[in-house]
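Working through the structure, step by step
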Amino acid sequence: MTTQVIVLNGGSSSGKSGIVRCLQAVLPDPWLAFGVDSLLEAMPASMQGSEAGIEFAPDGGVSVGPQFRLLDAAWAEGVAAMVRAGARVIIDDVFLGGAASQERWQKALAGLDVLWVGVRCESAVAAGREIARGDRVRGMAELQAEVVHQGVTYDLEVDTTRTESLECARTIAARVG
């Protein structure tokens, strides 16, 4: 079967977005890219800092409520519908719930050919990137570096600690059928 979806999972500031841009450049066919950041940007401002929506704690912790979960599930189904309509899609996500987050995507993407990719990065390196970015709550990268991978099964893993995005993208592209 031909790969229809690439799911990248990794903590904040692990390098997923850079890999996505490089994948779009090295893959021979056009691929759409959607990430959890796109979903957050699409949500109304009232969802940020709301118990029903999504909250970012001062230490970098993230908690989501029922309204966020509802919109997140709808978003996943919408992305899957685009793939079923013929688009190839790269998903950039942060599995805060580990295996449960992967199960949500597995359900939405049932019947599609998916390449599951873990994007790892040492917590200290990710924390340094987080500071350099300046657009994240400090502590998020360190808290998420390992927890997002707990119980998750991958077809392939890349580590951006000392490997550039382009090299990681080429490794992933070599596995795309």
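Residues numbered from 1 in each chain as written. Predicted model: local features only at pLDDT ≥ 70, side-chain atom pairs only at ≥ 80, totals over all residues. Heavy atoms only, no water.

Taking an unreviewed UniProt entry as the reference, the chain is identified by name as Chloramphenicol 3-O phosphotransferase belonging to Nonomuraea angiospora.

1. What about the sheet that holds strand S1 (residues 5-9)?
Where strands meet in a sheet, backbone hydrogen bonds hold them as pairs that are either parallel or antiparallel. What the five strands build is an open sheet, ordered S2-S5-S1-S6-S7; its pairing is parallel. Two strands in the sheet have a free side with no partner beyond their single neighbour: strand S2 (32-35) and strand S7 (156-159). When the angles between neighbouring strand axes are averaged without regard to direction, this sheet yields 20°. Two elements, S2 and strand S5 (residues 89-93), share four bridges in a ladder whose sense is parallel. Note that in S5 the partner of Phe34 across the bridge is Ile91. (Pairing = 2+ DSSP bridges. Helix = DSSP H or I, 4+ residues; strand = E, 2+ residues; numbered from the N terminus. Axes fitted to C-alpha atoms, helices over the stretch in contact; angles between N-to-C directions.)

2. Some thoughts on the nonpolar core
Among the nonpolar cores identified, the biggest contains 24 residues, and Val5, Val7, Ile91, Trp105, Leu109 and Trp116 are the most heavily contacted of them. If you list the elements that add at least two residues to this core, you get S1, helix H2 (36-42), helix H3 (66-84), S5, helix H4 (99-108) and strand S6 (114-120). Examining the composition of this core, we find that six residues originate from one element, H3, more than from any other. Residues Leu27, Leu156, Val158 and Cys168 belong to the second largest nonpolar core, which totals 19 residues. (Core = buried A, V, L, I, M, F, W, Y, C linked by side-chain atoms within 4.5 Å. Buried < 20%, exposed > 50% of the residue type's maximum accessible area, 1.4 Å probe, protein only.)

3. Points about H3
The end-to-end C-alpha distance of H3, which contains 19 residues, comes to 27 Å, matching closely the 27 Å that a straight helix rising 1.5 Å per residue would cover. Gly86 occupies a position one or two residues after H3 and carries a positive phi of about 120°. (Expected span 1.5 Å × (residues − 1).)

4. Some details on the pairing of S6
For S6, the tally of buried residues reaches six of seven residues, placing the bulk of the element in the interior. Pairing of S1 with S6 involves five bridges; the strand directions are parallel. Across the sheet, residue Ile6 finds its bridge partner in S6, namely Leu115. Looking at chain direction, S6 and S7 are connected through four bridges and run parallel.

5. Side note on the state of the cysteines
Put plainly, two cysteines are in a disulfide when a covalent bond ties their sulfur atoms together. Under the criterion given, the structure shown has zero disulfides. Lacking any disulfide linkage, Cys121 is separated from the closest cysteine sulfur, that of Cys168, by 9.6 Å. The thiol of Cys168 is unpaired, and the distance to the nearest cysteine sulfur, on Cys22, comes to 8.9 Å. You can call Cys168 buried: its relative accessible area is 2%. (Disulfide = S-S within 2.5 Å.)

6. Digging into unusual backbone geometry
Positive phi, normally seen in glycine, also occurs at Ser13, with a value near 65°. The topology assignment puts Ser13 in the loop between S1 and helix H1 (16-26). Under the relative-accessibility criterion, Ser13 is labelled buried at 5%.

7. Topic: the packing of H1 against helix H7 (residues 165-173)
H7 packs onto H1 with a crossing angle of 55° between their chain directions and a minimal axis gap of 8 Å. Between H1 and H7, the angle falls in the class oblique. When you trace H1 past H7, the crossing you get is right-handed. Contacts from Gly18, Ile19, Cys22, Leu23 and Val26 in H1 reach Ser165, Leu166, Cys168, Ala169, Ile172 and Ala173 in H7. Classifying every residue of the contact of H1 with H7 by side-chain character gives nine nonpolar, two polar and no charged. (Parallel < 35°, antiparallel > 145°, perpendicular 65-115°, else oblique. Left-handed = near helix turned anticlockwise from the far one by under 90°. Contact = heavy atoms within 4.5 Å. Nonpolar A, V, L, I, M, F, W, Y, C, P; charged D, E, K, R; others polar.)

8. Side note on the environment of Gly11
Relative to the assigned elements, Gly11 resides in the loop between S1 and H1. In this structure, the C-alpha to C-alpha distance between Gly11 and Gly78, residues 67 residues apart in sequence, is 23 Å. For Gly11, the residues in contact, after removing those within four places along its chain, are Lys16, Val94, Val119, Gln144 and Val148.

9. A closer look at the packing of aromatic side chains
By the definition in use, this model includes one aromatic pair. With a centroid separation of 5.5 Å and an interplanar angle of 75°, the aromatic rings of Trp75 and Trp105 are classed as edge-to-face. Of the two residues, Trp75 sits in helix H3 while Trp105 sits in helix H4, which places them 30 residues apart along the sequence. Accessibility expressed as a relative area gives 0% for Trp105, which makes it buried. (Phe/Tyr/Trp six-rings, centres within 6.5 Å; stacked < 30°, edge-to-face > 60°.)

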